[in-house]
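Letter by letter, the chains look like this.
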Amino acid sequence: MSQPNDFFERVYEVVRQVPYGKVTTYGAIARFLGAAKSARTVGYAMNAAHHLEDVPAHRVVNRIGMLTGKHHFGGINTMQQLLEAEGHTIIDDQIQDFETVLWQPKKEL
DNA sequence: ACCGTGACTGACG
DNA sequence: ACGTCAGCCACGG
């Protein structure tokens, strides 16, 4: 349906709307869905979304811009490489100028 | 139905 | 400023 009832699908809907060259956080997605305290569950959803090609999971990081989920992309540096390919600079698993490339659905939508 | 787990976050010392 | 602790919620066994 146009309005998914499953929590996971709602998470995917938001992630799919993250613009190229931008990133967002688990908490931002959770708050946008009205479940501010379900950030962990959002991460859990990403884990399950890993098999979906239309869900840019690499654009979702934690609140400080660290690639905490890099190990879930198969290769240790896969997530970093994907982000660098979009123009981001990553040092020590952290996105540089994170606040500049941050995309918040709560504000943008 | 209960328990453990986790790609998080905010609060505390 | 930094490391540690506890709360949260959805899913699988």
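Anyway, here's the lowdown on the structure attached to this text. Residue numbers restart at each chain and count upward from 1, following the sequence in its written direction. Think of it this way: whatever chain is written first is A, whatever ligand is written first is 1, and the rest follow in order. Per-residue local features of the predicted model are confined to residues with pLDDT of at least 70, and side-chain atom pairs are confined, for both listing and counting, to 80 or more; whole-chain, interface and lining totals are unaffected and use all residues. Side-chain numbers here rest on the full set of heavy atoms in the structure, without hydrogens or water.

1. Brief notes about the protein's contact with DNA strand C
For this purpose, a residue is taken to be near a molecule or strand whenever a single non-hydrogen atom of the residue falls within 4 Å of it. Lining the immediate environment of DNA strand C, one finds Phe8, Lys37, Ser38, Arg40, Thr41 and Tyr44. Considering the 4 Å shell around the protein, atoms of DNA strand C inside it are sugar or phosphate in 60% of instances. Polar contact is defined as a pair of N or O atoms within 3.5 Å, subject to the rule that within protein one atom must be able to donate a hydrogen and the other to accept it, and that residues adjacent in sequence are counted only when both atoms are side-chain atoms. The side chain of Arg40 places a nitrogen or oxygen atom 2.9 Å from a base oxygen of DNA strand C. Thr41 places a side-chain nitrogen or oxygen 2.9 Å from a base oxygen of DNA strand C. If one sorts the elements of the surface near DNA strand C by residue count, helix H3 (residues 39-49) sits on top with three residues. Here the surface near DNA strand C is composed, by residue class, of two nonpolar, two polar and two charged. Starting at the N terminus, helices and strands are each numbered in turn, a helix being any DSSP run of H or I of at least four residues and a strand any DSSP run of E of at least two. Think of it as three bins: nonpolar holds Ala, Val, Leu, Ile, Met, Phe, Trp, Tyr, Cys and Pro, charged holds Asp, Glu, Lys and Arg, and polar takes everything else, Gly as well.

2. Here's the deal with helix H4 (residues 78-85)
Only protein chains enter the area calculation, which uses a 1.4 Å probe; residues under 20% of their type maximum are buried, those over 50% are exposed, and those in between are partly exposed. Among all positions of H4, only Met79, Gln80 and Leu83 are buried. Relative to the axis of H4, the buried residues are bounded by an arc of 100° and lie together on one face. Exposed residues pointing more than 90 degrees away from the buried face of H4 are listed as Gln81 and Ala85. Arc definition: it is the arc formed by the directions from the helix axis to the C-beta atoms.

3. Details of the protein's contact with DNA strand B
In the vicinity of DNA strand B lie 15 residues, with Tyr26, Arg40, Asn62, Arg63 and His72 positioned nearest. Among all atoms of DNA strand B positioned within 4 Å of the protein, those belonging to sugar or phosphate total 49%. Backbone polar atom of Asn47 to a base nitrogen of DNA strand B: 3.1 Å apart, as the coordinates give it. Take Thr68: an N or O atom from its side chain is 3.4 Å from a phosphate oxygen of DNA strand B. For the surface near DNA strand B, the elements supplying multiple residues, two or more each, are helix H2 (26-32) and H3. Among the elements that take part in the surface near DNA strand B, H3 stands out by supplying five residues, more than any other. Partitioned by chemical class, the residues of the surface near DNA strand B number five nonpolar, eight polar and two charged.

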